[in-house]
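Architecture and fold: a report
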Amino acid sequence: MKFFQVKSVEETFNLIREQIQPITETIKIPLYDALHYVLAEDLVALENVPDFRRSTVDGYAVKASETFGVTESLPGFLHLVGEVQMGKVPSSSLQSGEAMYVPTGGMLPEGSNAVVMIEHCEDMSGLLNIFRQVAPGENVISVGEDMEKGHILLEKGTKLRSQELGALASQGIIEVSVYRKPVIGYLSSGDEIVPIEAAKLSLGEVRDMNGMTIGALVKGWGFTFQYGGIVQDSREEFEQRAKELLAKVDCLIVSGGSSVGTKDYSVEVIQSLGEPGVFVHGVAIKPGKPTILSSAGNKPVIGLPGHPASAVIIFHLFGKAILEQLNGLPYEERRLTFAKVTKNIPSSPGRTDYVRVRLFNENNEWHAEPIFGKSGLISTLVKSEGMVEIAARSEGVQKGELVPVIIFQ
Ligand SMILES: Nc1nc2c(c(=O)[nH]1)N[C@H]1C(S)=C(S)[C@@H](COP(=O)(O)OP(=O)(O)OC[C@H]3O[C@@H](n4cnc5c(N)ncnc54)[C@H](O)[C@@H]3O)O[C@H]1N2
Ligand code: MOO
């Protein structure tokens, strides 16, 4: 009889941290192409941003002290001495008793230290009535407030999102050194699996859903996906195709054949791919118990359970952790939101359950409605936005409890 030597979810994450070595090869790429890459160097700010004091509003540059104590009923008066042009240095500096019009983003004249919004002023033919006082620095971005010259702007190991690219663009940094992106190979296994292009199925056949879902996740997370097709339940063919594909990629995923059935060859094939080999076969988790994780000559190999919903859930949890670590990012689950569960969710202690949930907002509160259903049913995922983790020590969560939800994205 065959049994799984199951690991807990926590043990599995710890083993991933221990076993998966990041790719250290770096490349230089244009900033335009750098979205989702991980920085391979510390980047220092080359310039102050902004390099001049800017107004954050349309208003009047003033000396703040000259507005102290003014109110709606007791306005202050200043002489209006012209206008700052966008993108230009003000033509004069501000003297006592003066105000100068400055547009949002315009440069403050020398001698001013705050801006009063136009809504709080009235221009009476060159005499400006001011109805509200401002503090020094109010409505002003100071020199280097956004980024300070010489300071670390972004650390090595930072994943470049739109905001990091924007920060680099502001500095005129148009090329960056990043870690090469891993290429992820994928094989579906099973005699019953046929290409999605099959116009008509013979009874007993199913189209390759997992190749599509896993490919979409890999690409969505910013990695390169190489679909290797479908292999029959033949030990020799499976091993040969897996070896060929592994040689061309940085990480291999196989789906199906992960369990303990007579034709479930995944674990043997994965073990044959190289040392140190399988470090997890079986996790105390539902769904996805038969998950296989391995390292073959420094390349991670993931054996996903064949059931379509299990494959997606396991790939969200462990697959994402492995790919991120391979790409030089210490893994941390960040795609969380909190929601109140709409029904009791019972769970068996001793294993971590991941329950699919639909999220909706009612009366300004987020709710998570459990979508129960077998792990073979992709429709349960189509109805879901995320999943709730029920810890191994817990017997479930009660209706109305606020729980963290891992978002599918
Ligand atoms: N005796 C036991 N049987 C099973 C156990 C167990 O512990 N003892 N675990 C069950 C669990 S839980 C899961 S999950 C499955 C996983 O099995 P496999 O990884 O070996 O997957 P297959 O048997 O190949 O397929 C399962 C199911 O999924 C369909 N499938 C597979 N690949 C695809 C694909 N690419 N696209 C669409 N559908 C796919 C396949 O046709 C099967 O219906 O094992 C249980 N059994
Ligand atoms: O662990 Mo399986 O994925 O429940 O069907």
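Residues numbered from 1 in each chain as written. Chains lettered and ligands numbered in written order. Predicted model: local features only at pLDDT ≥ 70, side-chain atom pairs only at ≥ 80, totals over all residues.

We now examine the UniProt feature "domain: MoaB/Mog" (unreviewed entry) in the protein chain. The sites that carry the UniProt feature "domain: MoaB/Mog" (unreviewed entry) are, in the present numbering, residues 185-325. Helix and strand shares over residues 185-325 are 36% and 29% respectively, and the end C-alpha atoms of the span are 16 Å apart. (UniProt positions renumbered as here; feature names shortened; annotations may be inferred. Helix = DSSP H or I, 4+ residues; strand = E, 2+ residues; numbered from the N terminus.)

This part is about the packing of helix H1 (residues 9-19) against helix H6 (residues 308-326). Direction vectors running N to C along H1 and H6 enclose 20°, while the axes themselves pass 10 Å from each other. It follows from the interaxial angle that H1 and H6 lie roughly parallel. H6 is crossed by H1, and the crossing has right-handed handedness. On H6, the residues that touch Thr12, Phe13 and Ile16 of H1 are Phe318, Ala321, Ile322 and Gln325. Grouping the constituent residues of the contact of H1 with H6 by class yields five nonpolar, two polar and no charged. (Axes fitted to C-alpha atoms, helices over the stretch in contact; angles between N-to-C directions. Parallel < 35°, antiparallel > 145°, perpendicular 65-115°, else oblique. Left-handed = near helix turned anticlockwise from the far one by under 90°. Contact = placed C-beta atoms within 7 Å. Nonpolar A, V, L, I, M, F, W, Y, C, P; charged D, E, K, R; others polar.)

You can see Gly157 is positioned in the loop between strand S11 (152-154) and helix H2 (162-170). The sequence separation of Gly157 and Asp42 amounts to 115 residues, and the corresponding C-alpha distance is 8.3 Å. When neighbours within four sequence positions are excluded, Gly157 is seen to be in contact with Val38, Leu39, Gly328 and Leu329.

In any sheet, the strands associate via hydrogen bonds between backbone groups, in a parallel or an antiparallel arrangement. Within the open sheet, the six strands sit side by side as S7-S4-S6-S5-S9-S8. Their pairing is mixed. The two strands at the open ends of the sheet, each matched to only one other strand, are strand S7 (114-117) and strand S8 (121-124). The average undirected angle you get between the axes of adjacent strands in this sheet is 40°. Looking at chain direction, strand S5 (residues 76-83) and strand S6 (residues 98-102) are connected through three bridges and run parallel. Note on S6: the bridge partner recorded for His79 is Glu98. (Pairing = 2+ DSSP bridges.)

A few words on the nonpolar core. Ala242, Leu252, Ile253, Ile322, Met387 and Val388 are the most contacted members of the largest nonpolar core, which totals 60 residues. When residues of this core are assigned to their parent elements, the largest contribution, 12 residues, is made by H6. Excluding residues that lie within four positions of it along the chain, Val388 makes contacts with Val341, Ile345, Val355, Val357, Ala368, Val403 and Val405. Formed by 22 residues, the second largest nonpolar core is a distinct cluster that contains Ala61, Val62, Val70 and Val84. (Core = buried A, V, L, I, M, F, W, Y, C linked by C-beta atoms within 7 Å. Buried ≥ 20, exposed ≤ 12 C-beta atoms within 10 Å, placed from the backbone.)

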